[in-house]
Amino acid sequence: MMDEEVVETAHLSYYPFLAAATSYVEASGITLEDLISGAALERARVRGKERVREAIRAGAVRKPRVMSRGQAEIELLSYPFARILVSCINNAHLIRRFALAEAKSAYMALKEGSTFTGGDTDLLDEMALEFELHLELLGMPHEHAPVRIPFPEYLRYTANLRDKRWKLVNRALDKGQVNLRTNEFLRILQEAIHARIRKDLPLDVPPTVCESVRRYTNELETELEAWRKQLGEDEFETGIRMKDPSSFPPCIKAILSNLREGVNVPHTARFAVTSFLLNVGLTVDEIIELYRSSPDFDEERTRYQVVHISGEMGSTKYTAPSCSTMRTYGNCVDSDDVCEKIWHPLSYYKMRLKLKRKTERSKSASQKETEIDEGKTESEG
Ligand code: SF4
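Structure report, in brief. All values reported here derive from a predicted model rather than from experimental measurement.

What counts and how
- Residues numbered from 1 in each chain as written.
- Predicted model: local features only at pLDDT ≥ 70, side-chain atom pairs only at ≥ 80, totals over all residues.
- Near = placed C-beta within 6 Å.
- Helix = DSSP H or I, 4+ residues; strand = E, 2+ residues; numbered from the N terminus.
- Nonpolar A, V, L, I, M, F, W, Y, C, P; charged D, E, K, R; others polar.
- Expected span 1.5 Å × (residues − 1).
- Buried ≥ 20, exposed ≤ 12 C-beta atoms within 10 Å, placed from the backbone.
- Axes fitted to C-alpha atoms, helices over the stretch in contact; angles between N-to-C directions.
- Parallel < 35°, antiparallel > 145°, perpendicular 65-115°, else oblique.
- Left-handed = near helix turned anticlockwise from the far one by under 90°.
- Contact = placed C-beta atoms within 7 Å.
- Arc of directions from axis to C-beta.
- Core = buried A, V, L, I, M, F, W, Y, C linked by C-beta atoms within 7 Å.
- Domains from an automatic or database assignment.

### Here we look at the site of the ligand
Close to the ligand lie P249, P250, C251, C323, M326, C332, S335, C339, P345 and Y348. Going through the elements one at a time, helix 13 (250-260), helix 17 (323-328) and helix 18 (345-380) are the ones with two or more residues in the shell around the ligand. A breakdown of the residues in the shell around the ligand according to their chemical character gives nine nonpolar, one polar and no charged.

This is the structure:
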């Protein structure tokens, strides 16, 4: 049986983004120097590097079973060290992936800890308090147990959730409260956790500190490079799993490339690319990331505009402008042979996907024929 102090430290190590976890580390008297080079904290550094490696490879961070206070502290300290590593590498894609992996893992731990019958309602209350969510529990803890939160809080964290069920029009509203199941509330918590982790990354780490942790960052950079090769350039650069960016129309590719290079893109082009990407299934957050390199980037303003175009919060959902509108505003560039057969950038995308599938099918059919022919020749020989 673990004593209460161990249980508390283990709890903080599971949720190291909590304000209480930060206070615990501060109160421990461990300095930045101890963390980056103290011999006693080598295990925390190795585990910190592992956290980042797991985020790159698996998109999730393991939560090991904690059995002692020492182990809990290593786990807890590995989190700030991982943040230092991610900040020193300072790759936008890694930052996104790390924040998402940490948030997802916290979600899984929360799910395990709070939704089984007889589970821990204190955990839900604690998280709600931490993220200033006024949660009302309406039944015994269980993943389907009803809960509710005020609708402005619901809106704050669901803007990036793509599924129709998160739209306010599909939700029962009762005196300003939105009814949810416990597992849906946990999903909202994941969004809140992600926003917190993402918010201050990259940290402003002094170059001397980055130099001291070079041997860890070198390894992670190699890992990141291997992953870049595996994913392909487009997905890696944007950090977004677009369905098939190589099939996007030339006009959209040109705008995306300008955004990536930090070129100031006119409003009409921003509207075109945003509405196009929303239509092919990207989330509000993913699109905001694309604007991050713009010279005049203002996250709040961008979010407002993207949410507005997406039709969230009851406004009209806009479709991408047609080719003739694109031409009018000078946004039709590099048109090719497929452009001659369509009148809308979304039709271009669909046609390209169709052509690609057709080519792949005929390629695999001719490959099969060759294999059969070769088999025949061998048996005849
Ligand atoms: S013709 Fe249409 S799809 Fe092709 S580049 Fe111009 S706007 Fe884009």
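### A word on helix 4 (residues 42-58)
For helix 4, built from 17 residues, the straight-helix expectation of 24 Å at 1.5 Å per residue is met to within 8% by its first-to-last C-alpha distance of 24 Å. Among the residues making up helix 4, those that are buried are A44, R45, R47, G48, K49, R51, V52 and A55. One or two residues past the end of helix 4 sits G59, with phi positive at roughly 70°.

### Let's talk about the packing of helix 15 (residues 284-291) against helix 16 (residues 299-310)
At a closest axis distance of 10 Å, the pairing of helix 15 and helix 16 adopts a crossing angle of 135°. When the axes of helix 15 and helix 16 are compared, the pair comes out oblique. Crossing handedness for the pair helix 15 and helix 16: right-handed. Taking contact as the criterion, the partners of V284, I287, I288 and Y291 in helix 15 are, on helix 16, E299, T302, R303, V306, V307 and S310.

### Considerations on the environment of I287
Summarising the element assignment, I287 is placed in helix 15. Sequence spacing of I287 and N160 is 127 residues, and the spatial spacing of their C-alpha atoms is 9.9 Å.

### Focus on the environment of L186
With respect to the element layout, L186 can be found in helix 9 (residues 182-199). As for L186 and K111, which are separated by 75 residues in sequence, their C-alpha atoms are 7.0 Å apart. Ignoring anything within four residues of it in the chain, the contact list for L186 reads Y107, L110 and K111.

### Some remarks on the packing of helix 14 (residues 267-279) against helix 16
A pair of packed helices is characterised by two quantities: the angle between their axes and the separation of those axes. Running from N to C, helix 14 and helix 16 cross one another at 55°; their axes reach a closest spacing of 10 Å. The pairing of helix 14 with helix 16 is recorded here as oblique in orientation. Once helix 14 is placed against helix 16, the crossing between them reads as right-handed. For the pair helix 14 and helix 16, the contacting residues are F271, T274, S275 and L278 in the first and V306, I309 and S310 in the second. In terms of residue class, the contact of helix 14 with helix 16 is built from four nonpolar, three polar and no charged.

### Regarding helix 8 (residues 151-158)
Along helix 8, the residues classified as buried are Y154, Y157 and T158. Buried residues of helix 8, viewed axially, fall in a sector of 95°; they line one side. Against the buried residues of helix 8 lie strand 2 (146-150), strand 4 (177-181) and helix 9.

### A look at unusual backbone geometry
Residues L201 and P202 are joined by a peptide bond in cis, for which omega reads 0°. Of note, N90 is a non-glycine position whose phi angle comes to about 50°, a positive value. Tracing the chain through its elements places N90 in the loop between helix 5 (69-89) and helix 6 (92-114). You can call N90 partly exposed: it has 14 C-beta atoms within 10 Å. Residues other than glycine seldom take positive phi values, yet K175 does so here, at roughly 50°. As for its position among the elements, K175 is in the loop between strand 3 (173-174) and strand 4. Residue classification places K175 among the exposed positions, given that 7 C-beta atoms sit within 10 Å.

### A word on the nonpolar core
Counting 54 residues, the largest nonpolar core has L85, V86, F98 and L189 as the members making the most contacts within it. In terms of residue count, helix 5 provides more of this core than any other element does, 12 residues in total. Built from parts of two domains, this core gets at least three residues from each of domain 1 (1-90 + 203-231) and domain 2 (99-201). Sequence-distant contacts of L85, defined by excluding residues within four places in its chain, comprise G48, K49, V52, V213, Y216, T217 and L220. Membership of the second largest hydrophobic core comes to 26 residues, among which are I252, L290, V306 and C323.

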